Amino acid sequence: MEITKHLFLNLSLFIIFVFICLIFFDNCKKLTLSKSSLIILFIAMLWLCIQFSYNPVPNARYDLRIIPLVLGALYIGIGPILIAATLFIRGLYGFDFGFLLTCILYVPLAVIFWRLYPWFLKQVPARRIFVTICMGIVLGVLTVIGMGFANPDAYWLDAWIAFLIIPSLGVGIISYGIEFVHRNNEMQQQLIKAEKLKAVEQMGAAISHEIRNPLTAASGFVQLLQDDYLSRQKRKEYLMIVKDELLSAERVIQDYLTFAKPSLNAFEELNVKSELRQIINILLPLANQNSVEIITDFSVIGFIKGDGQKFRQCFVNVIKNAIESMPNGGYLTITTEFSKNYVTISVKDTGIGMTMEQLERLGEPFYSTKGKNGTGLGMMVVYSIARAMDGSIWAESEVGIGTTFYFKFPTIPSIAKNEVQKANQQEN
Ligand code: ADP
Ligand code: MG
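Residues numbered from 1 in each chain as written. Chains lettered and ligands numbered in written order. Predicted model: local features only at pLDDT ≥ 70, side-chain atom pairs only at ≥ 80, totals over all residues. Heavy atoms only, no water.

A. Here's a closer look at the overall build of the chain. On a plain count of helices and strands, the chain comes out with 13 helices and seven strands. Buried residues in the chain amount to 42% of all 428 residues. Surface exposure of the chain reaches about 24400 Å², of which carbon and sulfur atoms provide 62%. (Helix = DSSP H or I, 4+ residues; strand = E, 2+ residues; numbered from the N terminus. Buried < 20%, exposed > 50% of the residue type's maximum accessible area, 1.4 Å probe, protein only. Areas by Shrake-Rupley, 256 points an atom, 1.4 Å probe, with all protein chains shown as cover.)

B. Quick peek at the site of ligand 1. Ligand 1 sits among 19 residues. The nearest are Ser368, Thr369, Lys370, Thr375 and Met379. Thr369 places a polar side-chain atom, nitrogen or oxygen, 2.4 Å from an oxygen atom of ligand 1. One of the backbone nitrogen or oxygen atoms of Met379 is found 2.7 Å away from an oxygen atom of ligand 1. Considered on its own, ligand 1 offers 530 Å² of accessible surface; in the complex 95% of this is hidden by protein. Mapped by element, the contributors of at least two residues to the shell around ligand 1 are α10 (308-324), α12 (378-388) and β7 (402-410). Of the residues contributing to the shell around ligand 1, the split by class is seven nonpolar, 10 polar and two charged. (Near = heavy atom within 4 Å. Polar contact = N/O pair within 3.5 Å; in protein donor to acceptor, adjacent residues only side chain to side chain. Nonpolar A, V, L, I, M, F, W, Y, C, P; charged D, E, K, R; others polar.)

C. Structural context of α10. With 17 residues, α10 should cover 24 Å at 1.5 Å per step; its first-to-last C-alpha distance of 24 Å lies within 8% of that length. The residue sitting at the N-terminus of α10 and contributing the capping side-chain oxygen is Asp307; that oxygen lies 3.0 Å from the backbone nitrogen of Gln309. (Expected span 1.5 Å × (residues − 1).)

D. Inspection of helix α9 (residues 272-289) at higher detail. Its 18 residues give α9 an end-to-end C-alpha distance of 26 Å, which sits within 8% of 26 Å, the value for a rise of 1.5 Å per residue. The sharpest bend along α9 measures roughly 50 degrees and falls at Leu283, with the proline Pro285 sitting one to four residues further on. Listed in full, the buried residues belonging to α9 are Val272, Glu275, Leu276, Ile279, Ile280, Leu283 and Ala287. On its buried face, α9 is in contact with β1 (268-271), β2 (292-297), β3 (303-306), α10, β4 (330-338) and β5 (342-349). (Bend = angle between axes of the 7 residues up to and from the residue. Contact = heavy atoms within 4.5 Å.)

E. Region of interest: the packing of helix α3 (residues 66-76) against helix α4 (residues 79-92). At a closest axis distance of 8 Å, the pairing of α3 and α4 adopts a crossing angle of 155 degrees. As summarised for this structure, α3 and α4 are arranged roughly antiparallel, according to the angle between their axes. For the pair α3 and α4, contact is made by Pro68, Leu69, Gly72 and Ala73 and by Gly79, Leu82, Ile83 and Thr86, respectively. Classifying every residue of the contact of α3 with α4 by side-chain character gives five nonpolar, three polar and no charged. (Axes fitted to C-alpha atoms, helices over the stretch in contact; angles between N-to-C directions. Parallel < 35°, antiparallel > 145°, perpendicular 65-115°, else oblique.)

F. Highlighting the packing of helix α2 (residues 35-51) against α4. Between α2 and α4, the shortest axis-to-axis distance is 10 Å and the interhelical angle comes to 35 degrees. Where α2 crosses over α4, the handedness of that crossing is right-handed. Facing α2, whose interface residues are Ile39, Phe42, Ile43, Leu46, Trp47 and Ile50, α4 presents Ile81, Leu82, Ala85, Thr86 and Ile89. Within the contact of α2 with α4, the residues separate by chemical class into 10 nonpolar, one polar and no charged. (Left-handed = near helix turned anticlockwise from the far one by under 90°.)

G. Summary view of the nonpolar core. Of all hydrophobic cores here, the largest spans 47 residues; its most connected members are Tyr62, Ile67, Leu69, Val70, Ile83, Leu109 and Phe113. Elements that contribute at least two residues to this core include exactly α1 (2-27), α2, α3, α4, α5 (97-121), α6 (125-150) and α7 (156-225). Examining the composition of this core, we find that nine residues originate from one element, α3, more than from any other. Aside from chain neighbours lying at most four places away, what touches Leu69 is Leu46, Leu82, Ile83, Thr86, Tyr106, Leu109 and Phe113. In this structure, Ile279, Ala287, Ile345 and Ala386 belong to the second largest nonpolar core, which totals 37 residues. (Core = buried A, V, L, I, M, F, W, Y, C linked by side-chain atoms within 4.5 Å.)

H. Just the sheet that holds β4, in detail. Pairing in this open sheet of five strands is mixed, and the strands run β2-β4-β5-β7-β6 from one edge to the other. Two strands lie at the open edges of the sheet, namely β2 and β6 (392-398), each paired on one side alone. Neighbouring strand axes in the sheet, compared pairwise and without regard to direction, differ in orientation by 10 degrees on average. Inspection of the sheet shows β2 paired to β4 by six bridges, in the parallel sense. Bridge pairing links Asp297 to Thr335 in β4. Relative to the sheet, α10 contacts β2, β4, β5 and β7, its axis offset from that of β5 by approximately 25 degrees. (Pairing = 2+ DSSP bridges.)

I. Seen up close, a nonpolar patch on the surface. There is a patch of nonpolar side chains on the surface, built from Phe8, Phe19, Ile137, Leu164, Ile165, Leu169 and Ile173 and spanning about 540 Å² of accessible area. Of all the secondary structure elements, the ones that give two or more residues to the nonpolar patch are α1 and α7. Sort the elements by how many residues they give to the nonpolar patch and α7 lands first, with four residues. (Patch = residues over 30% accessible without salt bridge, like charges linked within 9 Å, V, L, I, M, F, W, Y side chains within 5 Å. Salt bridge = Lys/Arg side-chain N within 4 Å of Asp/Glu carboxyl O.)

J. Representation of the packing of aromatic side chains within the structure. Considering all chains together, one arrives at 11 aromatic pairs under this definition. Measuring from centroid to centroid gives 4.6 Å for Phe315 and Phe407, while their planes differ by 55 degrees, and the two rings are tilted. Placement of the pair is Phe315 in helix α10 and Phe407 in strand β7, with a sequence separation of 92 residues. The exposure classification of Phe315 matches that of Phe407, with both residues buried. Clustering of aromatic rings is evident, with ring pairs tying together Phe311, Phe315, Phe407 and Phe409. The residue whose ring lies beneath Arg115 is Trp114, and the NZ or CZ to ring-centre distance is 5.6 Å. Lys408 extends its terminal NZ or CZ atom over the ring of Tyr342, reaching a point 4.5 Å from the ring centre. (Phe/Tyr/Trp six-rings, centres within 6.5 Å; stacked < 30°, edge-to-face > 60°. Lys NZ or Arg CZ within 6 Å of the ring centre and 35° of its normal.)

Encoded structure:
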(Lines give C-alpha, C1' and ligand atoms only; values in the text may rest on other atoms or scores of the structure.)
(Ligands and ions follow the chains in the order given, each with its own letter.)
Protein backbone atom coordinates (compact mmCIF):
# COMPACT_ATOMS: atom_id res chain seq x y z
CA MET A 1 0.00 0.00 0.00
CA GLU A 2 2.99 2.30 -0.43
CA ILE A 3 1.52 4.29 -3.32
CA THR A 4 -1.85 4.80 -1.63
CA LYS A 5 -0.18 5.95 1.58
CA HIS A 6 2.13 8.34 -0.25
CA LEU A 7 -0.66 9.85 -2.34
CA PHE A 8 -2.93 10.18 0.69
CA LEU A 9 -0.25 12.17 2.46
CA ASN A 10 0.18 14.35 -0.63
CA LEU A 11 -3.57 14.87 -0.84
CA SER A 12 -3.81 15.97 2.79
CA LEU A 13 -1.07 18.54 2.24
CA PHE A 14 -2.78 19.66 -0.94
CA ILE A 15 -6.12 20.22 0.75
CA ILE A 16 -4.51 22.07 3.66
CA PHE A 17 -2.78 24.34 1.13
CA VAL A 18 -6.03 24.99 -0.76
CA PHE A 19 -7.90 25.84 2.44
CA ILE A 20 -5.18 28.22 3.59
CA CYS A 21 -5.46 29.90 0.17
CA LEU A 22 -9.25 30.15 0.48
CA ILE A 23 -9.02 31.70 3.95
CA PHE A 24 -6.34 34.11 2.74
CA PHE A 25 -8.40 35.23 -0.28
CA ASP A 26 -11.49 35.56 1.85
CA ASN A 27 -9.61 37.86 4.25
CA CYS A 28 -8.21 40.06 1.48
CA LYS A 29 -11.40 40.69 -0.44
CA LYS A 30 -9.75 43.23 -2.68
CA LEU A 31 -7.13 40.77 -3.91
CA THR A 32 -8.02 39.30 -7.27
CA LEU A 33 -5.53 37.23 -9.19
CA SER A 34 -4.90 37.88 -12.86
CA LYS A 35 -4.92 34.95 -15.26
CA SER A 36 -1.14 35.02 -15.59
CA SER A 37 -0.64 34.76 -11.81
CA LEU A 38 -3.13 31.89 -11.72
CA ILE A 39 -1.14 30.12 -14.44
CA ILE A 40 2.04 30.56 -12.40
CA LEU A 41 0.27 29.26 -9.26
CA PHE A 42 -1.03 26.17 -11.03
CA ILE A 43 2.31 25.43 -12.68
CA ALA A 44 3.94 25.71 -9.25
CA MET A 45 1.38 23.21 -7.89
CA LEU A 46 2.09 20.84 -10.79
CA TRP A 47 5.79 21.11 -10.17
CA LEU A 48 5.33 20.42 -6.44
CA CYS A 49 3.19 17.35 -7.26
CA ILE A 50 5.78 15.95 -9.64
CA GLN A 51 8.63 16.85 -7.30
CA PHE A 52 7.04 14.97 -4.41
CA SER A 53 6.09 11.94 -6.46
CA TYR A 54 6.64 8.35 -5.44
CA ASN A 55 8.99 6.57 -7.84
CA PRO A 56 9.73 3.01 -6.86
CA VAL A 57 11.27 2.20 -10.26
CA PRO A 58 13.24 4.59 -12.46
CA ASN A 59 10.72 5.42 -15.19
CA ALA A 60 7.52 5.63 -13.16
CA ARG A 61 6.31 8.61 -11.16
CA TYR A 62 3.19 8.20 -9.08
CA ASP A 63 1.84 11.62 -8.15
CA LEU A 64 -1.22 13.86 -7.89
CA ARG A 65 -0.66 16.12 -10.90
CA ILE A 66 -4.16 15.14 -12.07
CA ILE A 67 -5.71 17.45 -9.44
CA PRO A 68 -4.22 20.81 -10.53
CA LEU A 69 -4.49 19.71 -14.14
CA VAL A 70 -8.22 18.99 -14.02
CA LEU A 71 -9.12 21.99 -11.85
CA GLY A 72 -6.98 24.47 -13.79
CA ALA A 73 -8.23 23.15 -17.14
CA LEU A 74 -11.92 23.14 -16.28
CA TYR A 75 -12.29 26.13 -13.97
CA ILE A 76 -9.78 28.53 -15.54
CA GLY A 77 -9.43 27.18 -19.08
CA ILE A 78 -5.65 26.84 -19.00
CA GLY A 79 -5.59 23.11 -19.81
CA PRO A 80 -3.29 23.25 -22.86
CA ILE A 81 -0.81 25.53 -21.01
CA LEU A 82 -0.78 23.23 -17.97
CA ILE A 83 -0.25 20.18 -20.17
CA ALA A 84 2.66 21.86 -21.94
CA ALA A 85 4.08 22.75 -18.52
CA THR A 86 3.60 19.18 -17.26
CA LEU A 87 5.43 17.76 -20.24
CA PHE A 88 8.23 20.26 -19.76
CA ILE A 89 8.59 19.53 -16.05
CA ARG A 90 8.33 15.79 -16.61
CA GLY A 91 10.98 16.13 -19.35
CA LEU A 92 13.36 17.65 -16.80
CA TYR A 93 13.27 14.34 -14.90
CA GLY A 94 14.41 12.41 -17.98
CA PHE A 95 13.21 11.40 -21.43
CA ASP A 96 12.39 7.82 -20.47
CA PHE A 97 9.56 5.48 -21.37
CA GLY A 98 7.34 7.13 -18.74
CA PHE A 99 7.81 10.49 -20.48
CA LEU A 100 6.77 8.98 -23.82
CA LEU A 101 3.63 7.54 -22.26
CA THR A 102 2.85 10.88 -20.67
CA CYS A 103 3.09 12.55 -24.10
CA ILE A 104 0.79 9.98 -25.71
CA LEU A 105 -1.82 10.47 -23.02
CA TYR A 106 -1.56 14.24 -22.50
CA VAL A 107 -1.43 15.65 -26.03
CA PRO A 108 -4.98 14.49 -26.95
CA LEU A 109 -6.03 15.51 -23.45
CA ALA A 110 -4.99 19.10 -24.17
CA VAL A 111 -7.44 19.21 -27.08
CA ILE A 112 -10.22 17.64 -24.99
CA PHE A 113 -9.71 20.16 -22.16
CA TRP A 114 -9.67 23.05 -24.62
CA ARG A 115 -13.03 21.99 -26.13
CA LEU A 116 -14.59 21.09 -22.78
CA TYR A 117 -13.91 24.37 -20.93
CA PRO A 118 -16.67 26.59 -22.48
CA TRP A 119 -19.27 23.82 -22.05
CA PHE A 120 -18.15 23.17 -18.48
CA LEU A 121 -18.63 26.79 -17.39
CA LYS A 122 -22.27 26.76 -18.53
CA GLN A 123 -23.21 23.79 -16.31
CA VAL A 124 -24.91 23.99 -12.92
CA PRO A 125 -22.55 23.63 -9.90
CA ALA A 126 -23.57 20.04 -9.04
CA ARG A 127 -22.87 18.88 -12.58
CA ARG A 128 -19.54 20.73 -12.60
CA ILE A 129 -18.46 18.83 -9.48
CA PHE A 130 -19.65 15.57 -11.07
CA VAL A 131 -17.70 16.29 -14.29
CA THR A 132 -14.47 17.05 -12.39
CA ILE A 133 -14.81 13.80 -10.42
CA CYS A 134 -15.44 11.81 -13.63
CA MET A 135 -12.43 13.50 -15.22
CA GLY A 136 -10.35 12.53 -12.16
CA ILE A 137 -11.45 8.90 -12.43
CA VAL A 138 -10.86 8.69 -16.21
CA LEU A 139 -7.40 10.21 -15.91
CA GLY A 140 -6.64 7.92 -12.95
CA VAL A 141 -7.60 4.83 -14.96
CA LEU A 142 -5.57 5.96 -17.97
CA THR A 143 -2.56 6.67 -15.73
CA VAL A 144 -2.65 3.18 -14.16
CA ILE A 145 -3.02 1.53 -17.55
CA GLY A 146 -0.06 3.59 -18.79
CA MET A 147 1.94 2.62 -15.69
CA GLY A 148 1.07 -1.01 -16.44
CA PHE A 149 2.89 -0.70 -19.74
CA ALA A 150 5.89 0.95 -18.13
CA ASN A 151 6.38 -1.61 -15.32
CA PRO A 152 4.14 -4.65 -15.78
CA ASP A 153 4.91 -6.18 -12.41
CA ALA A 154 5.08 -3.18 -10.09
CA TYR A 155 2.40 -2.57 -7.46
CA TRP A 156 -0.64 -3.34 -9.58
CA LEU A 157 -3.47 -3.51 -7.06
CA ASP A 158 -1.99 -0.72 -5.00
CA ALA A 159 -1.76 1.52 -8.06
CA TRP A 160 -5.38 0.82 -8.99
CA ILE A 161 -6.64 1.67 -5.51
CA ALA A 162 -4.50 4.77 -5.32
CA PHE A 163 -5.41 6.21 -8.72
CA LEU A 164 -9.08 5.34 -8.68
CA ILE A 165 -9.76 6.86 -5.27
CA ILE A 166 -7.32 9.62 -4.41
CA PRO A 167 -7.29 12.00 -7.43
CA SER A 168 -11.07 11.84 -7.88
CA LEU A 169 -11.55 12.36 -4.13
CA GLY A 170 -9.16 15.32 -4.15
CA VAL A 171 -10.69 16.89 -7.24
CA GLY A 172 -14.20 16.38 -5.82
CA ILE A 173 -13.41 17.95 -2.43
CA ILE A 174 -11.63 20.95 -3.92
CA SER A 175 -14.23 21.62 -6.63
CA TYR A 176 -16.92 21.39 -3.96
CA GLY A 177 -14.92 24.00 -1.99
CA ILE A 178 -14.63 26.25 -5.05
CA GLU A 179 -18.37 26.03 -5.77
CA PHE A 180 -19.18 26.67 -2.11
CA VAL A 181 -17.04 29.82 -1.95
CA HIS A 182 -18.39 30.99 -5.30
CA ARG A 183 -22.01 30.58 -4.20
CA ASN A 184 -21.28 32.35 -0.93
CA ASN A 185 -19.72 35.30 -2.76
CA GLU A 186 -22.65 35.50 -5.15
CA MET A 187 -25.12 35.52 -2.27
CA GLN A 188 -23.13 38.23 -0.52
CA GLN A 189 -23.20 40.37 -3.68
CA GLN A 190 -26.96 39.91 -4.02
CA LEU A 191 -27.43 40.88 -0.40
CA ILE A 192 -25.38 44.04 -0.83
CA LYS A 193 -27.39 44.93 -3.92
CA ALA A 194 -30.68 44.34 -2.13
CA GLU A 195 -29.48 46.47 0.82
CA LYS A 196 -28.50 49.27 -1.54
CA LEU A 197 -31.86 49.20 -3.27
CA LYS A 198 -33.58 49.29 0.09
CA ALA A 199 -31.47 52.27 1.14
CA VAL A 200 -32.26 54.14 -2.07
CA GLU A 201 -35.96 53.40 -1.64
CA GLN A 202 -35.96 54.59 1.97
CA MET A 203 -33.95 57.57 0.89
CA GLY A 204 -36.44 58.53 -1.79
CA ALA A 205 -39.30 58.47 0.71
CA ALA A 206 -37.40 60.43 3.32
CA ILE A 207 -36.01 62.93 0.86
CA SER A 208 -39.42 63.86 -0.48
CA HIS A 209 -40.59 64.28 3.11
CA GLU A 210 -37.51 66.26 4.14
CA ILE A 211 -37.76 68.57 1.15
CA ARG A 212 -41.49 69.04 1.34
CA ASN A 213 -41.31 70.44 4.90
CA PRO A 214 -39.04 73.42 4.17
CA LEU A 215 -40.76 74.04 0.85
CA THR A 216 -44.19 74.18 2.49
CA ALA A 217 -42.84 76.54 5.14
CA ALA A 218 -41.17 78.72 2.49
CA SER A 219 -44.28 78.92 0.33
CA GLY A 220 -46.34 79.84 3.42
CA PHE A 221 -44.06 82.77 4.15
CA VAL A 222 -44.05 83.84 0.49
CA GLN A 223 -47.84 84.05 0.76
CA LEU A 224 -47.51 86.21 3.88
CA LEU A 225 -45.08 88.43 1.98
CA GLN A 226 -47.79 89.22 -0.54
CA ASP A 227 -49.49 91.37 2.10
CA ASP A 228 -49.07 94.99 0.96
CA TYR A 229 -49.28 96.42 4.47
CA LEU A 230 -46.38 94.38 5.86
CA SER A 231 -43.78 96.41 7.70
CA ARG A 232 -40.25 96.59 6.33
CA GLN A 233 -38.94 94.82 9.43
CA LYS A 234 -41.40 91.93 9.13
CA ARG A 235 -40.79 91.62 5.39
CA LYS A 236 -37.04 91.27 6.07
CA GLU A 237 -37.68 88.68 8.77
CA TYR A 238 -39.92 86.59 6.53
CA LEU A 239 -37.43 86.74 3.66
CA MET A 240 -34.72 85.44 6.02
CA ILE A 241 -36.95 82.53 7.02
CA VAL A 242 -37.71 81.71 3.38
CA LYS A 243 -34.00 81.75 2.61
CA ASP A 244 -33.19 79.47 5.57
CA GLU A 245 -35.88 76.99 4.58
CA LEU A 246 -34.68 76.87 0.98
CA LEU A 247 -31.10 76.38 2.17
CA SER A 248 -32.13 73.49 4.38
CA ALA A 249 -33.92 71.85 1.42
CA GLU A 250 -30.79 72.32 -0.64
CA ARG A 251 -28.68 70.73 2.10
CA VAL A 252 -30.79 67.57 2.03
CA ILE A 253 -30.42 67.31 -1.74
CA GLN A 254 -26.67 67.89 -1.48
CA ASP A 255 -26.32 65.14 1.13
CA TYR A 256 -28.34 62.77 -0.98
CA LEU A 257 -26.35 63.47 -4.12
CA THR A 258 -23.07 62.90 -2.34
CA PHE A 259 -24.32 59.58 -1.05
CA ALA A 260 -25.74 58.49 -4.38
CA LYS A 261 -22.56 59.49 -6.18
CA PRO A 262 -19.67 59.01 -3.77
CA SER A 263 -17.10 58.93 -6.59
CA LEU A 264 -14.93 62.01 -6.54
CA ASN A 265 -15.31 64.57 -9.28
CA ALA A 266 -11.77 65.81 -9.20
CA PHE A 267 -8.59 64.35 -7.84
CA GLU A 268 -6.60 67.32 -6.70
CA GLU A 269 -3.79 67.69 -4.24
CA LEU A 270 -5.25 68.93 -1.00
CA ASN A 271 -3.32 70.75 1.67
CA VAL A 272 -5.04 69.34 4.75
CA LYS A 273 -4.05 72.25 6.96
CA SER A 274 -5.45 75.01 4.75
CA GLU A 275 -8.58 73.02 3.92
CA LEU A 276 -9.30 72.56 7.62
CA ARG A 277 -8.64 76.27 8.33
CA GLN A 278 -11.20 77.16 5.66
CA ILE A 279 -13.78 74.80 7.18
CA ILE A 280 -13.20 76.20 10.66
CA ASN A 281 -13.79 79.72 9.33
CA ILE A 282 -17.11 78.65 7.87
CA LEU A 283 -18.21 77.05 11.14
CA LEU A 284 -16.85 79.70 13.51
CA PRO A 285 -20.21 81.54 13.86
CA LEU A 286 -21.93 78.30 14.83
CA ALA A 287 -19.18 77.51 17.35
CA ASN A 288 -19.45 80.98 18.88
CA GLN A 289 -23.20 80.64 19.14
CA ASN A 290 -22.72 77.44 21.20
CA SER A 291 -19.78 78.94 23.20
CA VAL A 292 -17.46 76.33 21.77
CA GLU A 293 -13.77 77.13 21.71
CA ILE A 294 -11.87 75.65 18.78
CA ILE A 295 -8.28 74.52 19.44
CA THR A 296 -6.08 73.45 16.55
CA ASP A 297 -2.82 71.57 16.48
CA PHE A 298 -1.73 71.04 12.89
CA SER A 299 1.38 69.29 11.66
CA VAL A 300 3.63 71.41 9.42
CA ILE A 301 2.67 69.58 6.27
CA GLY A 302 0.19 67.01 5.06
CA PHE A 303 -1.00 66.53 1.53
CA ILE A 304 -3.62 64.09 0.34
CA LYS A 305 -5.33 63.40 -2.94
CA GLY A 306 -9.05 63.98 -3.30
CA ASP A 307 -11.92 66.21 -4.24
CA GLY A 308 -11.64 69.47 -2.28
CA GLN A 309 -15.36 70.18 -2.21
CA LYS A 310 -16.20 66.70 -0.92
CA PHE A 311 -13.38 66.82 1.62
CA ARG A 312 -14.78 70.09 2.98
CA GLN A 313 -18.30 68.68 3.07
CA CYS A 314 -17.03 65.65 4.98
CA PHE A 315 -15.36 67.73 7.68
CA VAL A 316 -18.14 70.31 7.83
CA ASN A 317 -20.48 67.44 8.73
CA VAL A 318 -18.16 66.03 11.38
CA ILE A 319 -17.30 69.36 12.97
CA LYS A 320 -20.93 70.48 12.88
CA ASN A 321 -21.93 67.31 14.74
CA ALA A 322 -19.18 67.95 17.27
CA ILE A 323 -20.36 71.53 17.85
CA GLU A 324 -23.98 70.41 18.07
CA SER A 325 -23.01 67.86 20.71
CA MET A 326 -21.90 70.73 22.99
CA PRO A 327 -25.03 72.91 23.38
CA ASN A 328 -23.64 74.34 26.62
CA GLY A 329 -20.19 75.06 25.30
CA GLY A 330 -16.96 73.13 25.42
CA TYR A 331 -13.71 72.54 23.58
CA LEU A 332 -13.28 71.29 20.06
CA THR A 333 -9.76 70.10 19.34
CA ILE A 334 -8.72 69.45 15.75
CA THR A 335 -5.36 67.79 15.31
CA THR A 336 -3.46 66.57 12.27
CA GLU A 337 -0.51 64.23 12.30
CA PHE A 338 1.71 63.42 9.43
CA SER A 339 3.72 60.25 8.88
CA LYS A 340 5.48 58.75 5.88
CA ASN A 341 2.37 57.08 4.48
CA TYR A 342 -0.62 58.67 6.17
CA VAL A 343 -2.16 61.90 7.32
CA THR A 344 -4.24 61.40 10.45
CA ILE A 345 -6.88 63.96 11.38
CA SER A 346 -8.68 63.83 14.71
CA VAL A 347 -11.73 65.84 15.75
CA LYS A 348 -12.31 65.74 19.48
CA ASP A 349 -15.21 67.29 21.35
CA THR A 350 -16.21 67.52 25.00
CA GLY A 351 -19.87 67.01 24.24
CA ILE A 352 -22.64 64.64 25.24
CA GLY A 353 -20.90 61.56 23.81
CA MET A 354 -22.49 58.41 22.47
CA THR A 355 -23.50 55.05 23.87
CA MET A 356 -22.12 51.82 22.42
CA GLU A 357 -25.33 51.32 20.45
CA GLN A 358 -25.20 54.83 19.01
CA LEU A 359 -21.57 54.33 17.99
CA GLU A 360 -22.45 51.13 16.18
CA ARG A 361 -25.30 52.77 14.28
CA LEU A 362 -23.17 55.72 13.20
CA GLY A 363 -23.29 56.15 9.41
CA GLU A 364 -26.62 54.36 9.03
CA PRO A 365 -28.94 56.34 6.74
CA PHE A 366 -31.50 58.42 8.67
CA TYR A 367 -30.05 57.53 12.03
CA SER A 368 -30.36 60.69 14.09
CA THR A 369 -30.94 61.48 17.73
CA LYS A 370 -31.76 65.12 16.96
CA GLY A 371 -35.40 64.65 16.02
CA LYS A 372 -36.65 67.44 13.78
CA ASN A 373 -33.25 69.14 13.72
CA GLY A 374 -31.35 66.24 12.19
CA THR A 375 -31.43 64.52 8.83
CA GLY A 376 -29.37 61.48 9.82
CA LEU A 377 -27.54 61.77 6.53
CA GLY A 378 -24.44 63.66 7.65
CA MET A 379 -22.36 60.76 8.96
CA MET A 380 -23.42 58.52 6.10
CA VAL A 381 -22.02 61.09 3.69
CA VAL A 382 -18.84 61.32 5.78
CA TYR A 383 -18.29 57.56 5.52
CA SER A 384 -18.94 57.42 1.81
CA ILE A 385 -16.58 60.33 1.07
CA ALA A 386 -13.82 58.88 3.23
CA ARG A 387 -14.22 55.53 1.48
CA ALA A 388 -14.01 57.18 -1.95
CA MET A 389 -10.75 58.84 -0.85
CA ASP A 390 -9.26 55.51 0.32
CA GLY A 391 -9.41 56.76 3.89
CA SER A 392 -10.51 55.04 7.06
CA ILE A 393 -12.53 56.34 10.02
CA TRP A 394 -12.96 55.22 13.57
CA ALA A 395 -14.54 56.86 16.57
CA GLU A 396 -14.19 56.70 20.34
CA SER A 397 -16.87 58.05 22.60
CA GLU A 398 -17.95 58.15 26.19
CA VAL A 399 -21.32 59.41 27.35
CA GLY A 400 -20.95 62.76 29.15
CA ILE A 401 -17.25 63.05 28.35
CA GLY A 402 -17.07 63.47 24.59
CA THR A 403 -16.28 61.95 21.25
CA THR A 404 -13.20 61.74 19.08
CA PHE A 405 -13.29 60.95 15.36
CA TYR A 406 -10.10 59.76 13.71
CA PHE A 407 -9.50 59.91 9.96
CA LYS A 408 -6.58 58.37 8.16
CA PHE A 409 -5.83 59.24 4.52
CA PRO A 410 -2.95 58.05 2.37
CA THR A 411 -0.48 60.85 1.82
CA ILE A 412 1.23 61.92 -1.41
CA PRO A 413 4.89 61.13 -0.84
CA SER A 414 6.44 63.27 -3.64
CA ILE A 415 4.75 66.47 -2.47
CA ALA A 416 5.50 65.63 1.12
CA LYS A 417 9.20 65.38 0.34
CA ASN A 418 9.28 68.75 -1.43
CA GLU A 419 7.43 70.40 1.41
CA VAL A 420 9.82 68.99 4.02
CA GLN A 421 12.71 70.40 2.01
CA LYS A 422 10.99 73.79 1.76
CA ALA A 423 10.24 73.82 5.50
CA ASN A 424 13.88 72.93 6.26
CA GLN A 425 15.14 75.70 3.97
CA GLN A 426 12.90 78.23 5.66
CA GLU A 427 14.20 77.18 9.06
CA ASN A 428 17.83 77.55 7.98
P1 ADP B 1 -27.72 64.41 12.20
O2 ADP B 1 -26.60 65.31 12.61
O3 ADP B 1 -28.59 65.01 11.14
O4 ADP B 1 -28.50 63.89 13.36
P5 ADP B 1 -25.61 62.68 11.43
O6 ADP B 1 -25.56 61.56 10.47
O7 ADP B 1 -24.70 63.82 11.21
O8 ADP B 1 -27.10 63.13 11.48
O9 ADP B 1 -25.32 62.08 12.86
C10 ADP B 1 -26.03 60.96 13.29
C11 ADP B 1 -26.08 60.86 14.79
O12 ADP B 1 -24.80 60.53 15.29
C13 ADP B 1 -26.43 62.13 15.48
O14 ADP B 1 -27.84 62.31 15.57
C15 ADP B 1 -25.80 61.94 16.84
O16 ADP B 1 -26.64 61.17 17.68
C17 ADP B 1 -24.61 61.09 16.57
N18 ADP B 1 -23.35 61.88 16.57
C19 ADP B 1 -22.61 62.21 15.49
N20 ADP B 1 -21.51 62.90 15.86
C21 ADP B 1 -21.58 63.05 17.20
C22 ADP B 1 -20.73 63.68 18.21
N23 ADP B 1 -19.61 64.33 17.87
N24 ADP B 1 -21.13 63.59 19.50
C25 ADP B 1 -22.25 62.95 19.85
N26 ADP B 1 -23.08 62.34 18.96
C27 ADP B 1 -22.76 62.38 17.67
MG1 MG C 1 -25.06 65.98 11.42
